[in-house]
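The lines below spell out each chain.
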Amino acid sequence: MAGNWKMYKTVQQTIEFFQRFNPLVNGVHKCDVVIFPPFVNIPAAQCAAAGTEIKVGGQDVHWGKEGAYTGEISAGMLAAAGCEWVLVGHSERRLYGFETDADVLKKTQSSLEAGLTPVVCVGEKLEERKAGKTEQILVEQFAGGLAGLTEEQFSKVVIAYEPVWAIGTGHTATPDIAADAHRLIRSEVQKRFGSDAAEAVRILYGGSVKPDNVERLMLEQDLDGALVGGASLDAESFSKIVHAA
Ligand code: 13P
């Protein structure tokens, strides 16, 4: 269960979140719990999560090791800051950062080289769904962003299906719609990396996940977790989501 904080919370608000959140998820061992705060809050989040099983990750990463890339952060820097996880290819990065599937592949590879677990995001826009292109888009994003990995690399990747029309809109995908997309992604995995990989890969659903809809979503066999935006900003609400796992 992952919380993507996007561009929310200061250092102080980060510390206050963990003070409330840690006791609420104490004793949760059956799932990974990861928070993705803004970069500048990562040290505070690491510190506040110390001694718990909660992990901290970066919301984006550059594909290079180091260099003249003003404003960017490398996978090695995230790892050195104690991160084990990183988001790659979030639709907001694709939209505002003009990230392509080729960028997603490079970022995923550099994350893996640094020992991070990348959560690679895919998902169709509303106009693409309306035009009946959901399958085509997911297949393309998989082919461009993930199929170029080796089997060994792919075994360490987590995928997040986030239909863009469900993000921040309150329009959660129905469990059926989400499950269809997850099955499609899993079948692409099966074609490229084989049945074992398809069974093992964790596919998270993201898009308006809330405490009152998460349980029904998680009943779907092909949904292995959630990538939560807005509802992860509040300690009580995100802890309820974690417990639903
Ligand atoms: P919301 O949960 O706010 O819809 O955001 C989903 C998301 O983009 C998580 O990465």
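Residues numbered from 1 in each chain as written. Predicted model: local features only at pLDDT ≥ 70, side-chain atom pairs only at ≥ 80, totals over all residues. Heavy atoms only, no water.

Before we go on, may I ask you to explain the pattern of salt bridges in this structure?
Here the idea is simple: oppositely charged side chains can pair when their charged atoms come close. In the structure shown here, the tally under the stated rule is 18 salt bridges. A salt bridge links E92 to K6; the shortest N-O distance between them is 2.9 Å. Here the residue E92 occupies a position in helix 4 (residues 91-96), and K6 occupies one in the loop between strand 1 (2-4) and helix 1 (11-25), the gap between them amounting to 86 residues. Through salt bridges that share partners, D60, R93, E99 and K107 make up one connected network. (Salt bridge = Lys/Arg side-chain N within 4 Å of Asp/Glu carboxyl O. Helix = DSSP H or I, 4+ residues; strand = E, 2+ residues; numbered from the N terminus.)

Looking at this structure, I do not really get the packing of helix 1 against helix 2 (residues 42-49). What am I missing?
Any two packed helices are characterised by the angle at which their axes cross and by the distance between the axes. Orientation of helix 1 relative to helix 2, taken along the N-to-C sense of each, is 20°, at an axis distance of 9 Å. One way to sum up the angle between helix 1 and helix 2 is to call them roughly parallel. When you trace helix 1 past helix 2, the crossing you get is right-handed. Side by side, helix 1 and helix 2 meet where V11, T14, I15, F18 and N22 of the first sit next to A44, A45, A48 and A49 of the second. (Axes fitted to C-alpha atoms, helices over the stretch in contact; angles between N-to-C directions. Parallel < 35°, antiparallel > 145°, perpendicular 65-115°, else oblique. Left-handed = near helix turned anticlockwise from the far one by under 90°. Contact = heavy atoms within 4.5 Å.)

Help me understand the packing of aromatic side chains in this model?
One pair of aromatic rings is described through two measures. These are the centre distance and the angle between the planes. Tallied over the entire structure, the rule returns 10 aromatic pairs. With a centroid separation of 6.1 Å and 50° between ring planes, the pair formed by W5 and F18 is classed as tilted. On the criterion of sequence distance, the pair formed by W5 in the loop between strand 1 and helix 1 and F18 in helix 1 is long-range, its members being 13 residues apart. Classification of W5 by relative accessible area gives buried; the value is 0%. You can call F18 buried: its relative accessible area is 1%. Geometrically, the ring pair formed by F21 and F238 is stacked, given 5.5 Å between the ring centres and 20° between the ring planes. A residue pair is termed long-range when its members are at least 10 positions apart, and F21 in helix 1 and F238 in helix 12 (residues 235-244) qualify at 217 residues. Accessibility assignment for this pair places F21 and F238 in one class, buried. Each residue in the set W5, F17, F18, F21 and F238 is aromatic and connected to the rest through ring pairs, giving one cluster. When the ring centre of W5 is taken as reference, the NZ or CZ atom of K9 above it lies at 5.2 Å. (Phe/Tyr/Trp six-rings, centres within 6.5 Å; stacked < 30°, edge-to-face > 60°. Buried < 20%, exposed > 50% of the residue type's maximum accessible area, 1.4 Å probe, protein only. Lys NZ or Arg CZ within 6 Å of the ring centre and 35° of its normal.)

Even after reading the chapter, I still don't get the sheet that holds strand 1, so can you show me in this structure?
Sheet strands line up and pair through hydrogen bonds in the backbone, either parallel or antiparallel. Here eight strands make up a closed barrel; going around it, the order is 1-2-3-4-5-6-7-8 and the pairing parallel. Averaged over all pairs of adjacent strands, the angle between strand axes in this sheet comes to 25°, irrespective of strand direction. Where strand 6 (residues 158-161) lies against strand 7 (residues 203-206), three bridges are found, and the strand directions are parallel. The partner of Y161 across the bridge, within strand 7, is Y205. Set on the sheet, helix 1 makes contact with strand 2 (33-36) and strand 3 (54-58); between it and strand 3 the angle comes to about 135°. (Pairing = 2+ DSSP bridges.)

Any chance you could explain unusual backbone geometry here in plain terms?
Peptide bonds are, in most cases, trans, and in most cases residues other than glycine have a negative phi. One non-glycine residue, K6, adopts positive backbone phi at about 50°. The exposure class of K6 is buried, given its relative accessible area of 19%. In this structure, K9 is a non-glycine residue whose phi angle is positive, near 85°. Mapped onto the elements of the fold, K9 is located in the loop between strand 1 and helix 1.

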